[in-house]
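The residues making up each chain are set out below.
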Amino acid sequence: MKRSCIFKERKEMTKIKYILLLLSILWVGYLQADITLVLTPNGTQQSLPVVKLESKDYVSLDEINTRLYSIYKVEYSEFTDFRVMFFFYGEQFIFLLNSPFFTFKQSIFNMQYPLLQVGPNYFVPTTFIMDNLPLHFPGQIQNKNGVLYLPQPKDKSVKRIVIDPGHGGKDPGAIGPNGTRESHINLNVALRLKHLLEQELGLEVLMTRTDDRFVSLGDRTKFANDNKADLFISIHTNASRTNGAQGIETYYLSTKSTTESRAVEALENSVVELYEGAGAKQKYEALDFILMDMLQTEHLEHSNNLATLVQHNLVAGAQTKNRGVKQANFYVLRGAFMPAILIEMGFISNSEEEALLANPKYQDRIAQAIFEGIKRFKYDYDRIRLTS
């Protein structure tokens with residue numbers, strides 16, 4: 001009986017080895033010689049993997065995206081063909097699934113072999129890379145003896161975020177009924193958010209303060225601009241004379257405010273008169289021309305989108321009252337030349353919300369919810385920027 005079991009085990013091992021050998025043979029046949037990319041002017045070399053599909057050489061669009069910061073979008077409806085929109089170096093190519101033809105600048109071209117789909121992935125023939133691209137980008141992209149020379153692509157995706165923990169130092173912010181300081185909560189959540197953004201998305205995250213120190217409102221925005229941040233996230237907790245006020249709200253900049261948002265605006269802007277000295281308010285008011293310039297750019301629309309996504313995730317994550325996305329004329333958001341929002345995580349003046357906000361586990365939940373909103377915004381925003 002024992003010898004029989006040993007024999008069966010050996011037989012199974014032999015079978016497994018045979019399967020692994022067969023898979024390795026198939027895999028070697030599947031992989032082909034990669035395409036060498038040389039990025040000019042610095043001469044950096046990259047390798048673009050080539051695979052064999054239907055006996056022809058193909059390249060994955062996802063592999064192209066990873067190396068050259070291109071993107072693609074799939075479009076399908078019962079009224080149109082299955083199309084793949086490929087955005088590359090500021091231009092758009094339109095492919096039809098299982099067709100060798102594609103559209104570029106309203107003209108139709110042939111890449112000899114069809115666009116293929118394997119599972120969730122899309123593949124173009126190497127002829128598109130080596131023959132068609134040099135044709136469509138003359139003088140920029142060249143095929144020299146089977147090596148593709150092309151300009152170093154620009155990565156326009158979100159890479160650097162500035163997080164601004166509100167208040168700090170001599171400015172404690174709002175203080176709860178049980179003595180909890182807003183400045184401490186803001187910093188705790190900001191540090192948690194920083195960790196998530198760095199670990200999960202690999203972003204560079206800078207903070208206007210990393211300890212309990214005072215930073216003027218103007219210096220916070222200046223810090224974001226000087227460091228060429230892609231996003232600016234200011235984190236606060238709310239307060240009200242009404243002890244029962246509760247919920248989360250997210251703001252983006254505007255010169256026009258509702259009665260309700262003006263109260264929050266006055267609370268956050270009062271820091272200027274209290275802690276920045278005489279004449280500081282006039283300095284900020286003089287920034288109206290900067291604000292008007294910002295209102296004429298795309299940043300306001302993107303700030304709205306960012307605020308909406310963060311607010312949605314915060315309400316779902318915290319399971320609290322949704323006070324909505326609002327606009328207000330916060331000094332700390334003025335002159336921020338990037339999408340910028342201010343988050344009010346809850347009312348520290350409400351003893352129940354104060355207890356929640358002071359709870360480390362709840363701070364984790366809040367940071368995670370803000371992170372999810374930023375992550376979703378980054379996905380959409382990157383696609384917009386990479387196609388512009």
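These numbers were taken from a predicted model, which means no experiment stands behind them.

**Examining the packing of aromatic side chains**
Applying the stated rule across the entire model yields 19 aromatic pairs. Summarising the aromatic geometry, the rings of phenylalanine 93 and phenylalanine 104 are spaced 4.6 Å apart at their centres and angled 20 degrees between planes, so their arrangement reads as stacked. With phenylalanine 93 in strand S6 (residues 91–96) and phenylalanine 104 in strand S7 (residues 101–104), this residue pair connects regions lying eleven residues apart in the sequence. For phenylalanine 93, a relative accessible area of 0% translates into the label buried. With a relative accessible area of 5%, phenylalanine 104 lands in the buried category. Ring geometry for phenylalanine 102 against phenylalanine 109: centres 5.8 Å apart, planes inclined by 25 degrees, an arrangement best described as stacked.

**Remarks on the nonpolar core**
Counting residues in hydrophobic clusters, the biggest one holds 39 residues, and the most contacted among them are Ile161, Ile163, Leu193, Leu197, Ile366, Ile370 and Ile374. Counting only elements with at least two residues in this core, the list comes to strand S13 (160–165), helix H4 (182–201), strand S14 (204–207), strand S15 (231–238), strand S16 (248–253), helix H9 (299–318), strand S18 (340–347) and helix H11 (360–386). The residues touching isoleucine 161, leaving out its near neighbours within four places in the chain, are Leu197, Leu203, Glu204, Val205, Leu206, Leu231, Ile233 and Ile374. Counting 30 residues, the second largest nonpolar core, distinct from the first, contains Val50, Leu61, Phe137 and Leu150.

**A short note on the pattern of salt bridges**
The tally for this structure, following the rule as stated, stands at 15 salt bridges. Across the pair glutamate 198 and lysine 194 runs a salt bridge whose closest N-O atoms are separated by 2.7 Å. You can see glutamate 198 and its partner lysine 194 sitting in helix H4, four residues apart, about one turn around the helix. For glutamate 198, a relative accessible area of 26% translates into the label partly exposed. Here lysine 378 makes a salt bridge to aspartate 382, at a shortest N to O gap of 2.7 Å. Taken as a pair, lysine 378 and aspartate 382 lie in helix H11 at a separation of four residues, close to a single helical turn.

**Section: the packing of H9 against H11**
At their nearest, the axes of H9 and H11 sit 8 Å apart, and the two run at 145 degrees to each other. Relative to H11, H9 is oriented so that their crossing is right-handed.

Criteria and thresholds
- Residues numbered from 1 in each chain as written.
- Predicted model: local features only at pLDDT ≥ 70, side-chain atom pairs only at ≥ 80, totals over all residues.
- Heavy atoms only, no water.
- Phe/Tyr/Trp six-rings, centres within 6.5 Å; stacked < 30°, edge-to-face > 60°.
- Helix = DSSP H or I, 4+ residues; strand = E, 2+ residues; numbered from the N terminus.
- Buried < 20%, exposed > 50% of the residue type's maximum accessible area, 1.4 Å probe, protein only.
- Core = buried A, V, L, I, M, F, W, Y, C linked by side-chain atoms within 4.5 Å.
- Contact = heavy atoms within 4.5 Å.
- Salt bridge = Lys/Arg side-chain N within 4 Å of Asp/Glu carboxyl O.
- Axes fitted to C-alpha atoms, helices over the stretch in contact; angles between N-to-C directions.
- Left-handed = near helix turned anticlockwise from the far one by under 90°.

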